[in-house]
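# Overview (structure and organization)
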Amino acid sequence: MSDFLKTLLNIRSLRAATRELTLDQMEEGLAKLTSVIEEQRESKAAEQAAAQERERKLKEYMELLAADGIDISELAELAEPGKKASAPRSKRPAKYEYHDENGEYKTWTGQGRKPSVIQQALDNGEKTLEDFLIK
C-alpha cells in the first residue's frame, strides 16, 4: 500500500497530514475526492446496467429459441461450422538418440531445444548431429 493510501485511510495520519492545510484547501480536496467518488459510482452503475441489459437480452433470446424448438447447440454449430473437433496431431517420430549423464537411453525428435548432452558434444567438437541420428 502506498504512503498516500496509508495516510488517507488512517484517521490519525490524515489529521496529522492536514494540520498544515487551510480550511479552504481541505474543502477543495474534499470536493475533488467527492467528485472522483461520484465518477466511480456512475461508472459502476453504468457497468451494472449494461450487464443487466445483456443478461435480459440473453434470456429473451433463449426463450425465443426454446419457443421455436431450436437447441442452442444447433445454433452454435450453424454460427461456427468449421469448429468441429479434430483429431489431435500425431506425435513426431524420434530422429536422434543419445545417452544422458546417467547413461540412460533417450530420444529427441529434432524439434525444440537440443538436449544438453547433444549440445555439449556439438560444442566440444566431439560429434556431429548426424552421429546422433537413429539408424
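Residues numbered from 1 in each chain as written. Predicted model: local features only at pLDDT ≥ 70, side-chain atom pairs only at ≥ 80, totals over all residues. Heavy atoms only, no water.

Helices and strands together make up the secondary structure of the chain, namely 5 helices and 2 strands. The N-to-C order of helical and strand elements in the chain reads α-α-α-α-β-β-α. Taking 2.2 N^0.38 as the reference for a compact globule, 135 residues should give roughly 14 Å; the C-alpha atoms of the chain span a radius of gyration of 34 Å, well beyond that estimate. Judged by the C-alpha coordinates and their principal axes, the chain covers about 85 × 65 × 20 Å. Residue burial in the chain is summarised as follows: out of 135 residues, 7% are buried. Contacts in the chain between residues far apart in sequence, at least 24 positions, make up 20% of those at least 6 positions apart. When the accessible area of the chain is evaluated, it comes to approximately 12,000 Å², of which 53% is carbon and sulfur surface. (Helix = DSSP H or I, 4+ residues; strand = E, 2+ residues; numbered from the N terminus. Rg over C-alpha atoms; globule rule 2.2 N^0.38 Å. Buried < 20%, exposed > 50% of the residue type's maximum accessible area, 1.4 Å probe, protein only. Contact = heavy atoms within 4.5 Å. Areas by Shrake-Rupley, 256 points an atom, 1.4 Å probe, with all protein chains shown as cover.)

Here helix H3 (residues 23–67) is 45 residues long and its end C-alpha atoms lie 65 Å apart, about the 66 Å a rise of 1.5 Å per residue gives. Positioned one or two residues after H3, Gly 69 has a phi angle of 75 degrees, which is positive. (Expected span 1.5 Å × (residues − 1).)

Attention now moves to the pattern of salt bridges. All chains considered together, the criterion is met by 5 salt bridges. As a salt-bridge pair, Arg 41 and Glu 38 come within 3.0 Å of each other at their nearest N and O atoms. Of the two residues, Arg 41 and Glu 38 are both situated in helix H3; the distance of 3 residues between them amounts to about one turn of the helix. A relative accessible area of 35% places Glu 38 in the partly exposed class. Close ionic contact of Arg 56 with Glu 53 constitutes a salt bridge, the shortest N to O distance being 2.6 Å. Here Arg 56 and its partner Glu 53 are both found in helix H3, 3 residues apart, which amounts to about one turn of the helix. Where salt bridges share partners, they join Glu 53, Arg 56 and Glu 60 into one cluster. (Salt bridge = Lys/Arg side-chain N within 4 Å of Asp/Glu carboxyl O.)

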